[in-house]
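Commentary on secondary and tertiary structure
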Amino acid sequence: MGVDTAVAEAIYVGVQSEVYEHQIMYGTLAAEALGLLPREAYRVEACAAAGALALRSAYMAVKSGEVKAALAVGVEKMTATTTEVVTDALMAASHYIDQRSGVTIPAHYAMVARRYMYLYGASEEDLCMVAVKNHRHATRNPKAHFQRAISPEECLASRPIATPIKLYDAAPISDGAAVALVASEEVAKKAPTPAVEVIASAVATDTLSASQRPDITYPKAVVEAATKAYNRAGLTPKAVEVAEVHDAFTINEVLMYEALGFAKRGEGYKLVREGATSLEGSIPVNPSGGLKARGHPIGATGLAQIYEVYLQLTGRAYGRNTGARVGIAVNEGGVNSAAVVHILRAV
Amino acid sequence: MTLKYVAEGRLVGGRCVKCGGAFFPYSPVCIYCGGEAKAEDVPRRGVVLSYSVVHVSNGRFTTPYTVAIAKFGDFQLPGYVKEGAVNIGDEVVWEIGELEGGRWYYFKKL
């Protein structure tokens with residue numbers, strides 16, 4: 001048996017868009033579904049960073065002493081509509097100068113990827129290796145959207161979405177939900193399930209249009225949020241033993257390696273080649289399969305990452321345990337326009 | 001504001017009085033440092049920093065089509081590329097005209 005959700009004095013729900021289900025007011029909906037009316041409950045949003053923002057809201061509510069426990073929920077149901085509708089709904093996370101010009105979200109990451117390859121000599125195959133790794137990890141995750149391995153050739157031959165991004169460089173359109181209960185030490189001690197400690201929670205922002213960044217390959221918000229998180233936790237990147245990062249597109253996992261201090265700028269793509277970020281590597285990244293293979297139900301993703309880090313730190317990620325004691329989760333929205341970083345520790 | 005400038009055939013960005021940063025579109029507050037910014041016209045000629053050929057879009061644009069981020073003087077702009085392919089380093093100009101049912105700017109290769 002898990003924890004009784006009735007301990008939650010507040011509920012925060014991360015959801016991206018009302019376009020898919022014509023539904024907002026997810027806070028009230030969740031409170032009602034859980035039998036927790038009339039408690040405090042509302043939605044938080046920063047596109048694909050909504051899930052981790054729900055966690056941050058719950059964390060701050062508990063940390064401030066306002067409540068003893070709060071529930072963070074992330075949810076999105078995207079597959080009932082067309083790819084065009086999903087593409088349009090996601091484009092709302094860019095600036096109107098991008099939207100009016102037809103620059104889709106995949107096209108943004110595509111331009112970042114092309115510039116990165118141009119500056120640092122990475123190849124399309126290097127980027128595909130991220131997808132290959134994450135699909136391999138997902139074969140061990142019974143909750144993953146795609147539980148099958150893919151070959152580099154399959155990825156390279158997949159159809160173009162926005163060149164150089166191909167279908168297998170992109171996270172899928174998924175349905176999903178994830179939750180996390182944040183509690184004070186006092187409440188957590190009475191829980192029948194093991195707890196992990198949130199040792200840092202940080203958010204940072206960058207320009208809504210990626211075009212306005214001096215270097216479009218530099219995810220400044222992620223660097224800022226990660227730096228804040230490391231400082232608050234009193235840790236260096238070397239202390240991190242497992243990471244769940246926002247690989248909405250393969251290029252972004254590479255940028256995350258650099259932003260988190262796992263690799264130097266321009267050298268992130270080499271980590272995948274060396275196997276350093278595989279389950280068996282020195283710093284396993286996306287043991288769940290990541291957004292690419294676990295799936296990317298937008299509002300749920302940030303909490304699905306937290307769920308995986310929780311499993312890893314409590315030794316419950318059966319078949320893919322890394323034995324990690326410190327884990328980091330990086331969730332972002334837009335084109336790294338809002339970044340949310342959490343560092344968790346086993347207790 | 002931007003649409004008003006576009007109607008006049010101009011693209012106008014902001015130049016920060018404090019840090020010198022240039023950004024698009026214009027805003028009285030610098031997006032980099034929060035300083036005061038003055039309106040400045042975006043130069044016509046620019047260079048492509050990156051591009052992508054879009055094969056899957058939102059139903060409002062006929063695919064495939066090309067988009068780019070190009071640098072005009074100190075201003076970086078995203079844009080739709082009319083008539084043909086571009087590469088990184090190619091010179092482009094911006095023009096204002098009809099784009100997928102509205103008046104907006106787009107890039108053309110020189």
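Notes on the structure in this doc start here. Quantities reported herein were computed from a predicted structural model and do not represent experimental measurements.

**Topic: the packing of aromatic side chains**
Where two aromatic rings form a pair, the distance of their centres and the angle of their planes describe that pair. All names here are of chain B. Using the criterion set out here, one finds 13 aromatic pairs over all chains in the structure. Centre to centre, the rings of tryptophan 104 and tyrosine 105 are 5.0 Å apart; their planes meet at 35°, and the pair counts as tilted. Exposure remark for tryptophan 104: the relative accessible area of 0% places this residue in the buried category. The class for tyrosine 105 is buried, based on a relative accessible area of 0%.

**Structural notes on the pairing of strand S6 (residues 75-82) of chain B**
Residue and element names in this part refer to chain B. Of all eight residues in S6, seven are buried; the element is thus mostly enclosed. Here strand S5 (residues 65-72) runs beside S6; their pairing, made up of seven bridges, is antiparallel. In the strand pairing of S6, alanine 68 is matched with glycine 79. Count of turn residues in the S5/S6 antiparallel hairpin: two residues, of which glycine 73 carries a positive phi of about 60°. Sheet analysis places S6 next to strand S8 (residues 102-109), joined by two bridges and oriented parallel. Residue pairing across strands places valine 81 opposite phenylalanine 107, the latter belonging to S8.

**A few points about the interface of chain A and chain B**
The interface of chain A with chain B comprises 33 residues on the first partner and 35 residues on the second. Each partner contributes to the roughly 2800 Å² buried at the junction of chain A and chain B, and carbon and sulfur atoms together form 59% of this total. It is Arg100, Met111 and Gln212 of chain A that lose the most area in chain A upon contact with chain B, and together they represent 23% of the buried surface on that side. For the interface between chain A and chain B, the tally reads one salt bridge.

**Notes on the layout of surface pockets**
Residues and elements named next belong to chain A. Reported here for the largest pocket is a volume of approximately 1300 Å³. If you trace the largest pocket, you find 42 residues lining it, with Ala180, Leu181, Val182, Ala183 and Val196 closest to the centre. Of all the elements in the fold, those that place two or more residues in the lining of the largest pocket are helix H1 (26-33), helix H2 (50-63), strand S3 (69-77), strand S6 (175-183), helix H8 (185-190), strand S7 (196-205) and helix H13 (298-313). With six residues, S6 is the largest single contributor of residues to the lining of the largest pocket. Of the residues that constitute the lining of the largest pocket, the class distribution is 32 nonpolar, four polar and six charged. Counted as a void, the second largest pocket has a volume near 700 Å³. Within the residue set of the lining of the second largest pocket, elements represented by two or more residues are helix H3 (83-91), helix H5 (105-120) and strand S9 (326-333). Ranked by residue count, the leading element in the lining of the second largest pocket is H3, at four residues. Tallied by class, residues from the lining of the second largest pocket come to 21 nonpolar, eight polar and four charged.

**As for the state of the cysteines**
Residues and elements named next belong to chain A. Taken as a whole, this structure holds one disulfide over all chains when the rule is applied. Here cysteine 128 engages in a disulfide with cysteine 155; their sulfurs sit 2.1 Å apart. One quick way to see it: the torsion about the S-S bond of cysteine 128 and cysteine 155 is about -75°, and its sign makes the bridge left-handed. With cysteine 128 in helix H6 (residues 124-138) and cysteine 155 in helix H7 (residues 152-157), this pair connects stretches of sequence that are 27 residues apart. You'll find cysteine 128 and cysteine 155 in the same group, each marked buried.

**Notes on helix H10 (residues 250-259) of chain A**
All names here are of chain A. Across the ten residues of H10, ten count as buried, placing the element largely inside the fold. Looking at H10, one finds that the buried residues are Thr250, Ile251, Asn252, Glu253, Val254, Leu255, Met256, Tyr257, Glu258 and Ala259. Buried residues along H10 sit against H5, H6, helix H9 (220-233), helix H11 (268-274) and S9. The positive-phi residue at the C-terminal boundary of H10 is glycine 261, with phi of around 85°.

Basis of the calculations
Residues numbered from 1 in each chain as written. Chains lettered and ligands numbered in written order. Predicted model: local features only at pLDDT ≥ 70, side-chain atom pairs only at ≥ 80, totals over all residues. Heavy atoms only, no water. Phe/Tyr/Trp six-rings, centres within 6.5 Å; stacked < 30°, edge-to-face > 60°. Buried < 20%, exposed > 50% of the residue type's maximum accessible area, 1.4 Å probe, protein only. Helix = DSSP H or I, 4+ residues; strand = E, 2+ residues; numbered from the N terminus. Pairing = 2+ DSSP bridges. Contact = heavy atoms within 4.5 Å. Buried area = accessible area lost by both parts, 1.4 Å probe. Salt bridge = Lys/Arg side-chain N within 4 Å of Asp/Glu carboxyl O. 1 Å grid on protein atoms, 1.4 Å probe; cavity = no way out; pocket = protein on both sides within 12 Å on 5 of 7 lines; lining within 4 Å. Points joined across faces, edges and corners; volume = space filled by probe spheres on them. Nonpolar A, V, L, I, M, F, W, Y, C, P; charged D, E, K, R; others polar. Disulfide = S-S within 2.5 Å.

Taken by themselves, the reported measurements are silent on function.
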